[in-house]
Amino acid sequence: MDQKDSLLGVVGSVYKWRKQIIGFSFGIAVIMAVCSLFLPDYFKSVTIFYAASPDLASPEALFGKSNESMDYYGEDEDVDRIMTIAKSNELKDFLIAKYNLYEHYEIDSTHIKAKFKIYERLEKLYEVEKTKYDAIELSFEDKDKDLATNMANDARLKIDEIGQRLIKQSQAQMLKTYEENIRIKVDELNILNDSIRFVRQEYGVYNPVTQSEQLSTFTAKANSSLQRDKAKLSAYNKMSNPNSDSLLVIKARITGAQEELKQLAYITSEFNKGMATVEVLAEIQEESSKQLGEDKERYKQIQSAYSSQFPTIHTVEAAETPVVKSRPKRSILVVLAGALSFFFLAVGAILIEAYREVDWKEVLNQ
């Protein structure tokens, strides 16, 4: 019953003051309606795009040498990168300079806080957010609908440009690394070639396989000729009256064959000393030449990728000139002003009635 009486008392208090409450609320709503007519209309232009995968800028994507399927749309980290670019000061400075926003927003560019003020103004009118479908929505609000549209589209294009530049900077650094690596390998290969040339001249090793076969053949022939002449000499010595000229010829041939074998033995010994070194150096040279060729090919691919154009975003919707204002919502402002006025006036009426019903003498005596 107390709660009921209390509630009835509240309603009664409001009802008692109903004319004043309704009158004042209506008056404030009318004043808000009139004031809202003086508020400027703002128009919002929106563009939507997705982050592109960095794979589109890779040499494998351009030359089709990747065994993995290529991603066309970026992952979460790619979306974060684009969002970071979209909120960067570089993008803001670009828009400020291109559209002379200091003058447009009537901000003194010579003031010490000019940049802070222009950034603060932009942040109120410029919005970038990720949608529930992982797309990026970029919007601009301005009293000039065409300006809002142009700024939104130019911001999107600038984001793509900055994203490409960042990737190209990484590619440029990679090109420098490959250039330095190629230079070092060319120097090493030249030193290796000089070493091989020196060893070949020192030990007479030019073609290990062919020379080894030839030395074996020459040694076998010389040894065979020596053994044959020795057999002839032995046969002549057993004769009772051998021809002295023939003996001299055979002895000379035997001496020549022995000298030839000594020379072949020396050449073979020197050849064997240098053959292993030449073979190792030749193998290193071949491997280095192959690696150098691969590095040069990779360098050309990166250079082609660096020179090519690739997207860092995929545009879904370009910004279009809005036909309906985004704010102010005058009807909402009027209704909200009337409702709040009614609420606070009702609370005031309740407090006034409650104040009147208090026996202040009794309260003071207590």
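Preceding this paragraph is the structure being described.
Quick notes on the rules
Residues numbered from 1 in each chain as written. Predicted model: local features only at pLDDT ≥ 70, side-chain atom pairs only at ≥ 80, totals over all residues. Heavy atoms only, no water. Pairing = 2+ DSSP bridges. Helix = DSSP H or I, 4+ residues; strand = E, 2+ residues; numbered from the N terminus. Axes fitted to C-alpha atoms, helices over the stretch in contact; angles between N-to-C directions. Contact = heavy atoms within 4.5 Å. Parallel < 35°, antiparallel > 145°, perpendicular 65-115°, else oblique. Nonpolar A, V, L, I, M, F, W, Y, C, P; charged D, E, K, R; others polar. Expected span 1.5 Å × (residues − 1). Buried < 20%, exposed > 50% of the residue type's maximum accessible area, 1.4 Å probe, protein only. Arc of directions from axis to C-beta. Salt bridge = Lys/Arg side-chain N within 4 Å of Asp/Glu carboxyl O. Phe/Tyr/Trp six-rings, centres within 6.5 Å; stacked < 30°, edge-to-face > 60°. Lys NZ or Arg CZ within 6 Å of the ring centre and 35° of its normal.

Quick look at the sheet that holds strand β2 (residues 126–130) now. Consider a sheet: its strands pair through backbone hydrogen bonds, and that pairing is either parallel or antiparallel. With antiparallel pairing, the four strands of this open sheet are ordered in space as β2-β3-β1-β4. In the strand order of this sheet, the two ends are held by β2 and β4 (313–317), each with one partner. Going across the sheet, the axis of each strand differs from the next one's by a mean of 25 degrees, ignoring polarity. As judged from the seven bridges shared by strand β1 (residues 43–51) and strand β3 (residues 136–142), these two strands associate in the antiparallel manner. Its bridge partner lying in β3, Lys44 is registered against Glu141. Those strands touched by helix α4 (residues 76–86) are β1, β2, β3 and β4, and its axis lies near 175 degrees from that of β2.

When two helices pack together, their arrangement is given by the angle between their axes and by how far apart the axes lie. Orientation of helix α5 (residues 89–99) relative to helix α7 (residues 114–125), taken along the N-to-C sense of each, is 95 degrees, at an axis distance of 11 Å. Classified by the interaxial angle, the pair formed by α5 and α7 is roughly perpendicular. Residues Asn89, Lys92, Asp93 and Ile96 of α5 touch α7, and the partners they reach there are Lys115, Ile118, Tyr119, Leu122 and Glu123. A class-by-class count of the residues in the contact of α5 with α7 yields four nonpolar, one polar and four charged.

The terminal C-alpha atoms of α7, which comprises 12 residues, lie 17 Å apart, in line with the 16 Å expected from a rise of 1.5 Å per residue. Residues Ala114, Ile118, Tyr119, Leu122 and Leu125 constitute the buried set of α7. Mapping the buried residues of α7 onto a view down its axis gives an arc of 130 degrees, with all of them on the same face. Summarising the geometry of α7, the exposed residues directed more than 90 degrees from the buried face are Phe116, Glu123 and Lys124.

For β3, the buried fraction is high: six of the seven residues fall into the buried class. When β2 meets β3, the two strands line up antiparallel, connected through five bridges. Counterpart to Tyr126 in the pairing with β3 is Phe140. Linking two consecutive strands that pair antiparallel, namely β2 and β3, is a turn of five residues; a positive phi of about 65 degrees is found at Asp134 within it.

This next bit is on the pattern of salt bridges. In total, this model carries nine salt bridges according to the counting rule given. Two residues, Arg165 and Glu90, come together in a salt bridge whose shortest N-O distance is 2.7 Å. Taken together, the positions of Arg165 in helix α8 (residues 145–203) and Glu90 in helix α5 put the pair 75 residues apart, joining distant regions of the chain. A relative accessible area of 32% means that Arg165 is categorised as partly exposed. Of the residues examined, Glu90 reaches a relative accessible area of 32% and is grouped as partly exposed. One continuous salt-bridge network, built from bridges that share partners, spans Glu180, Arg183 and Asp187.

This structure, assessed with the given rule, holds one aromatic pair. Measuring from centroid to centroid gives 4.6 Å for Tyr126 and Phe140, while their planes differ by 20 degrees, and the two rings are stacked. With a gap of 14 residues between them, Tyr126 in strand β2 and Phe140 in strand β3 connect regions that are remote in the sequence. Across the pair, exposure class does not vary: Tyr126 and Phe140 are buried alike. Looking at Lys92, its charged tip hangs above the ring of Tyr119, at a distance of 5.3 Å from the centre. Over the aromatic face of Phe43 sits the side chain of Lys145, whose NZ or CZ is 4.5 Å from the ring centroid.

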